[in-house]
Amino acid sequence: MKRYYILHTIYFIFICLVFINPIHAQEFFLELQQIEPTDEAQRRPKISPDHLAELENQGYSILSSNTKPAEFYFHIDRTDVSFTDLSEGGSFVESIEMQVKSEGGAQYQILNKLISSFHSLAGQTIEPTSCDDGCSVRVAKPWKSEDSYGWGYSIDDGNTYRPFSRESVGLITPLSLSKSALEMKLKVRTPKNQSEGNFQGVVQLIALPEM
Amino acid sequence: MVRFKYMRYTFFMVVLGLLFIPRVVHASQFSFSQSPQSHEVMAQPGKTVILPYTLTNVGDPSVMELQIYALSVKDSQGSYEIIPHYSDNLEKIQFYLSNSQHTLQEPFFMNTSEAITYEIAIHIPENVREGDYYFAVVGQTEQNEGFVDTSTVFLQGGVGSIIYLSVSSDGSLNQAGNITQFGVQSNHSIIWKNTEYRVFDSFADIPIVLSVVNSGMNYFQAIGTISVRPTLFESGSLVIDLVPTHLLSDSSKIILSTKSLNKSNTATIRAPLIGVFTAQAVVAMGTSANTQISNVSYVVFPFTYILYVVGTVLFTATGMVFVKRMRSG
């Protein structure tokens, strides 16, 4: 008898769950009726030939023009990053802060590109990092191993790194301009037997607005 | 005489001390702005278009140059790819500075708070293919690789504006697009009456992805909404506004909304307690009346809550039986 009570309790809970919310039937395809069918004429809006000839006679060569007059601003807090004696070996990390502002609140992208490899006048080169487990210019990975040497950058506070690319590659940029500040960490790790010399590399950072 | 010697030593000490006081060194900064952000231009083959720009230096004095880049989109998140564009081929679109003695890529000095206005002339050859061409006009620092006495990485900054150039002999547009993906992301689904329903637990996050492709020859703006409405249980509906998005020709893009979490996510909404829902995306593409509609259905069911309730009931029942046996024993 007790079993029936338990079963009835379970049934009651199920019924309560099912009927706890009011049921609303279909009501949502009304707006489909408002959509007009399309045709070829609508797909191809044209300036009339007469109007076009008139514009040409007036010396106009632009058929239409729309300018977004807002200003687009890009700031990098330093244009050179110096490292202490790399020949002693070890890990060296420097931060670079970038900021983008747009009057129109547009999205933006920051593209980076390796212009010149990190090399010395003697021809020695510090190679791009491959991180702990083979990162690439498009895939960032953790770089914590002390046996993994090279140089690269991080845009997630040092959690993952990747090398610079010879082709322009976009940084991951925030969705809104309210988070327009972006920090890049530049890391160099050299072995203790690193050859002496002053190394120089050039990286390009270009900010572009999105429509 | 002795007093004079002391004064001289003191003076030398002060000078040496000043030399060894650590000074705060400020590295040079790149701070430039350029306007306008973009020019959308439709022009005829064989014509020349002139576009004005203003470049302003609000940072340290810099040696700058102007560079034109050809721009394309390389992934579904709209990531740009740029390659330098040189006007060395008469069959390609030509760029040069209008009303200027100077040339593009020619270095020039800009002082702090200095602004320059310049005009970029674009000549479209007669035989160029009709369609869209996208460029970036970038004011960038000239490559700096001078001798330094420490290991240094030089950062070359650049700020750009976009040119959306549509070449057309008669002003016609070829705008065509489709919704390539519209769905909710869940690992579980059920099929009922030939319809697949994605399944979510109550109050779980429901990620929605909407992707649109531009299969035409001209860019267009995609605008629209996603409306989420219940078909069974629950009440009320949710309308999510899509962020008006420009799609370049031969590219696809995930459309963002006011509820996007990142650039690979159109929206993320919170599931209610229970119900069957239909999400409908309505996207208008371009100036023509090309409107695409896509639907996806999903089920929300309180799996976790049911598990808890059944577990509680079973636990209570087991406890009651145990207590009864203890009493009877």
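Residues numbered from 1 in each chain as written. Chains lettered and ligands numbered in written order. Predicted model: local features only at pLDDT ≥ 70, side-chain atom pairs only at ≥ 80, totals over all residues.

## Observations concerning the overall build of chain B
Helix and strand counts for chain B stand at two helices and 21 strands. The burial tally for chain B puts 36% of its 329 residues in the buried class. Counting only contacts in chain B whose residues sit at least 6 apart along the sequence, the fraction spanning at least 24 positions is 71%. (Helix = DSSP H or I, 4+ residues; strand = E, 2+ residues; numbered from the N terminus. Buried ≥ 20, exposed ≤ 12 C-beta atoms within 10 Å, placed from the backbone. Contact = placed C-beta atoms within 7 Å.)

## Quick look at the overall build of chain A
The number of helices and strands found in chain A is three helices and nine strands. For chain A, the N- to C-terminal ordering of α and β elements is α-α-α-β-β-β-β-β-β-β-β-β. Per-residue burial for chain A yields a buried fraction of 27% across its 211 residues. Contacts in chain A between residues at least 24 apart in sequence constitute 70% of all its contacts with a sequence separation of at least 6.

## Quick notes on helix H2 (residues 303-328) of chain B
Under the 1.5 Å per step criterion, the end-to-end length of H2 of chain B is 37 Å for 26 residues, consistent within 8% with the ideal 38 Å. With zero of 26 residues buried, H2 of chain B lies mostly on the surface of the structure. (Expected span 1.5 Å × (residues − 1).)

## Some remarks on the pairing of strand S4 (residues 90-102) of chain A
Direction of pairing for strand S2 (residues 72-76) of chain A relative to S4 of chain A: antiparallel, over a ladder of five bridges. Bridge pairing links His75 of chain A to Gln99 of chain A in S4 of chain A. (Pairing = 2+ DSSP bridges.)

## Observations concerning the sheet that holds strand S6 (residues 150-154) of chain A
Spatial ordering of the open sheet is given by S6(A)-S8(A)-S4(A)-S2(A)-S1(B)-S3(B)-S8(B)-S6(B), a layout of eight strands whose pairing is antiparallel. Looking at which strands have only one partner, the edges of the open sheet turn out to be S6 of chain A together with strand S6 (94-98) of chain B. Strand after strand, the sheet turns through a mean of 25° between neighbouring axes, direction not considered. Note that S2 of chain A and strand S1 (residues 30-35) of chain B share five bridges and pair antiparallel. Across the sheet, residue His75 of chain A finds its bridge partner in S1 of chain B, namely Ser31 of chain B. (Axes fitted to C-alpha atoms, helices over the stretch in contact; angles between N-to-C directions.)

## Brief notes about the environment of Tyr305 of chain B
Residues and elements named next belong to chain B. With respect to the secondary-structure elements, Tyr305 resides in helix H2. Taking the number of C-beta atoms within 10 Å as the measure of exposure, Tyr305 has 16 and is therefore partly exposed. Distance from Tyr305 to Thr316, taken between C-alpha atoms, is 16 Å for residues 11 residues apart in sequence.

## Topic: the nonpolar core
Residue and element names in this part refer to chain B. Phe135, Ala136, Ile163, Leu165 and Ile226 are the most contacted members of the largest nonpolar core, which has 104 residues in total. The element that contributes the greatest number of residues to this core is strand S10 (residues 151-167), accounting for nine residues. Of the residues that make up this core, three or more belong to each of domain 1 (27-143 + 152-167) and domain 2 (177-303). Once residues within four sequence positions are removed from consideration, Phe135 is found in contact with Ile68, Tyr69, Ala70, Leu71, His85, Ile163 and Leu165. (Core = buried A, V, L, I, M, F, W, Y, C linked by C-beta atoms within 7 Å. Domains from an automatic or database assignment.)

## A closer look at the domain arrangement of chain B
Residue and element names in this part refer to chain B. Taken domain by domain, chain B comprises domain 1 (27-143 + 152-167) and domain 2 (177-303). The centre of domain 1, based on its C-alpha atoms, is set 37 Å off from the matching centre of domain 2. Taken together, the contacts link nine residues of domain 1 with 12 residues of domain 2. Counting only elements with at least two residues in the side of domain 1 that touches domain 2, the list comes to strand S9 (131-141) and S10.

## Some points on the environment of Val73 of chain B
Residue and element names in this part refer to chain B. With respect to the helices and strands, Val73 occurs in strand S4 (residues 62-73). Sequence-wise, Val73 and Ser251 are 178 residues apart; in three dimensions their C-alpha atoms are separated by 6.5 Å. In this structure, Val73 is in contact with Gly78, Ser79, Tyr80, Leu248 and Ser251, ignoring residues within four places of it in sequence.

## Some words on the confidence of the model for chain A
Residues shown with low pLDDT carry predicted positions that ought not to be read at fine detail. Residues and elements named next belong to chain A. In the predicted model, chain A carries a mean pLDDT of 76, and 69% of its residues have values of at least 70. Residue range residues 41-46 is modelled with pLDDT below 50. Its contacts to residues more than four positions away, or to other chains, number 13 contacts. Low pLDDT, under 50, characterises residues 57-61; the predicted model gives this stretch six contacts beyond four residues in sequence or across chains. (pLDDT = per-residue confidence, 0-100.)

## Regarding the pairing of strand S5 (residues 108-120) of chain A
All names here are of chain A. In the sheet, S5 pairs with strand S9 (residues 199-209) via 10 bridges, with the strands oriented antiparallel. Its bridge partner lying in S9, Tyr108 is registered against Pro209. Pairing between S5 and strand S7 (residues 169-170): two bridges, direction antiparallel. Looking across to S7, one finds that Leu111 is bridged to Gly170.

## Digging into the confidence of the model for chain B
Residue and element names in this part refer to chain B. Of all residues in chain B, 90% have pLDDT values of 70 or greater, and the mean over the chain is 87. Mean pLDDT values for the elements of chain B range from 57 in helix H1 (residues 2-20) up to 95 in S9. The low-confidence segment residues 21-26, where pLDDT is below 50, has zero contacts with residues more than four positions distant or belonging to other chains. Reported confidences for the modelled complex are a pTM of 0.76 and an ipTM of 0.79.

## A look at unusual backbone geometry
Residues Ser35 of chain B and Pro36 of chain B are joined by a peptide bond in cis, for which omega reads -5°. With respect to the helices and strands, the residue Pro36 of chain B is situated in the loop between S1 and strand S2 (38-43). With a phi close to 60°, Cys131 of chain A is a non-glycine residue in the positive phi region. With respect to the element layout, Cys131 of chain A can be found in the loop between S5 and S6.

## Concerning the environment of Thr48 of chain B
Along the chain, Thr48 of chain B turns up in strand S3 (residues 48-57). Here the alpha-carbon distance between Thr48 of chain B and Ile122 of chain B, two residues 74 residues apart in the chain, equals 5.4 Å.

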